[in-house]
Amino acid sequence: MAAPILSAALYGIRTGRAFSTAAALCKRAAPLGPMPNEDIDASNLESLEKYHSFTRYFKVAEKESKKTHWWQTYRKHVTPEQDEDAKIDIGLPYYRPPRAKQLKERKEILKQNRQSVEMERAARLRTLVIPLDEVKAEWEKTNGLLHKQRVAEHYGIYRNMFDEATFVPRVALRVEYNLDDEHIMPVYHGNFVTPTEASSPPEVIYEADEGSLWTLLLTNLDGHLRDADSEYIHWLVTNIPGNTIDSGKEICHYFPPFPAKGTGYHRFVFLLFKQDRPIDFTEDVRPTPCHSLKMRTFKTFDFYKKHQNDMTPAGLAFFQCQWDDSVTHVFHNHLNMKEPVFEFVRPPVYHPPQKKFPHLQPLRYLDRYRDSHEPTYGIY
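Quantities reported herein were computed from a predicted structural model and do not represent experimental measurements.

## Description of unusual backbone geometry
Residue Thr288 is joined to Pro289 through a cis peptide bond whose omega torsion reads 0°. Inspection of the secondary structure puts Pro289 in the loop between β8 (266-275) and β9 (297-298). Positioned with a positive phi, His52 is a non-glycine residue whose angle comes to about 65°. Mapped onto the fold, His52 is located in the loop between α2 (22-25) and α3 (54-65). The backbone of Asn336 sits at a positive phi, close to 55°, despite the residue not being glycine. Within the element layout of this structure, Asn336 appears in the segment after α11 (325-334).

And the structure:
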């Protein structure tokens, strides 16, 4: 390392140019701002604030991580420059009970359970039955709302539907596809449903006050064949009195999913809006039957922006769907068009006609013409 520096210095003297030793000595300049933990006195660590719990420390650390610093970090190259707290909340007003109150109630319940002799005996004999329905109902009322919002953000639902705006799904939306008399396919938050299972309109259940009005929407965020920013509307029912879907006005009749082959999983979103008053949706009416992809082109953000003064998003459920054989039937018989395919379909392997007397053929010659694909190695 010293030889190149010495030769460079001699070259600068010969040519009459000034040579600086800053590169060789690497003199450290003063920082552009305060360094981390600069205000902490390392000689007296006992005087620092004690957190006494990891939750309190985590809150302070999370708050500090959101502050802007003068030094550059890798985050601006990985994540977009966006403040999570600056997101617009377009949902119903949400009141979250204090954390201390929730912990106090849980401690009271734990205290009662520990003092219960019958519960202790049932747990010891392994006959204790946990009421899962009550647990789920309690989760729906407390942390379930925020968990659903977090899952929807993970799947990019708010980003693609409302241009980064968000809302807490206050109304629990239950969507079930009836497969037969005994089996159903529920829609949760990102589970997989095949086009065959979603071929008919589902049963939608939610709690609603008497005299309230609602709007139900089903849209495909990833299925548009020409415009990546547009959607296909599959179902739209407006001015629903209470929770009776059949009594609402069907603006666009139900259409089964048709994710094109080779396009992966599509996100189908059920969105429930709460109306403040009866709304005139004449501009959004589609003909019946509506088998035109041009007429079914839709944008949720434009639809909400047009009626945002009279309705508020309240419920959310979505599923993922991938191509199966029923999609071919939808394209050919409902949409009356050739099915688009976005992946290479390998043709079957060609074999010449079978010879009755296969002279000079390999021992496994007959395996090419068997009806079964099971290996027969070693049988003959």
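There's more to say after this.
## Focus: the confidence of the model for the chain
Averaged over every residue, the pLDDT of the chain is 86; the share at 70 or more is 87%. Predicted confidence for residues 16-24 stays below pLDDT 50, and this span has six contacts to residues more than four positions away or in other chains.

## Looking at the packing of helix α7 (residues 132-141) against helix α8 (residues 144-154)
Axis separation between α7 and α8 bottoms out at 5 Å; the angle between their running directions is 70°. In terms of orientation, α7 lies roughly perpendicular with respect to α8. From α7, Trp139, Glu140 and Lys141 reach across to α8, where they touch Gly144, Leu145, His147 and Lys148. Its residues assigned to classes, the contact of α7 with α8 shows two nonpolar, two polar and three charged.

## A word on helix α6 (residues 117-124)
Looking at where α6 begins, the residue whose side-chain oxygen comes 3.3 Å from the main-chain nitrogen of Met119 is Ser116. Positive phi shows up at Arg126, right after α6, with a value of about 60°.

## Notes on the pattern of salt bridges
Opposite charge on two side chains permits pairing when their charged atoms draw close. For the structure on display, the rule yields eight salt bridges. A salt bridge links Lys306 to Glu283; its shortest N-O distance comes to 3.7 Å. Taken together, the positions of Lys306 in helix α10 (residues 300-307) and Glu283 in the loop between β8 and β9 put the pair 23 residues apart, joining distant regions of the chain. Look at Lys306 and you get partly exposed, because its relative accessible area is 42%. By relative accessible area, Glu283 is classed as exposed at 69%. Salt bridges sharing partners connect three or more residues here, namely Glu283, Asp284 and Lys306.

## A word on the packing of aromatic side chains
With the rule as written, the count across this model stands at 21 aromatic pairs. With 5.6 Å between their ring centres and 40° between their planes, Tyr232 and Phe258 make a pair best called tilted. In this pair, Tyr232 sits in strand β6 (residues 231-241) while Phe258 sits in the loop between β7 (249-252) and β8, placing the two residues 26 residues apart along the sequence. Take Tyr232: its relative accessible area is 2%, and that puts it in the buried class. For the ring pair Phe255 and Phe258, a centre distance of 5.6 Å and an interplane angle of 85° mean the geometry is edge-to-face. Just as Phe255 is buried, Phe258 falls in that class too. One aromatic cluster is present, built from ring pairs that chain together Tyr158, Phe162, Phe167, Phe273, Phe281, Phe298, Phe303 and Tyr304. The aromatic ring of Trp323 is capped on one face by Lys261, whose charged end is 4.5 Å from the ring centroid.

Calculation rules
Residues numbered from 1 in each chain as written. Predicted model: local features only at pLDDT ≥ 70, side-chain atom pairs only at ≥ 80, totals over all residues. Heavy atoms only, no water. Helix = DSSP H or I, 4+ residues; strand = E, 2+ residues; numbered from the N terminus. pLDDT = per-residue confidence, 0-100. Contact = heavy atoms within 4.5 Å. Axes fitted to C-alpha atoms, helices over the stretch in contact; angles between N-to-C directions. Parallel < 35°, antiparallel > 145°, perpendicular 65-115°, else oblique. Nonpolar A, V, L, I, M, F, W, Y, C, P; charged D, E, K, R; others polar. Polar contact = N/O pair within 3.5 Å; in protein donor to acceptor, adjacent residues only side chain to side chain. Salt bridge = Lys/Arg side-chain N within 4 Å of Asp/Glu carboxyl O. Buried < 20%, exposed > 50% of the residue type's maximum accessible area, 1.4 Å probe, protein only. Phe/Tyr/Trp six-rings, centres within 6.5 Å; stacked < 30°, edge-to-face > 60°. Lys NZ or Arg CZ within 6 Å of the ring centre and 35° of its normal.

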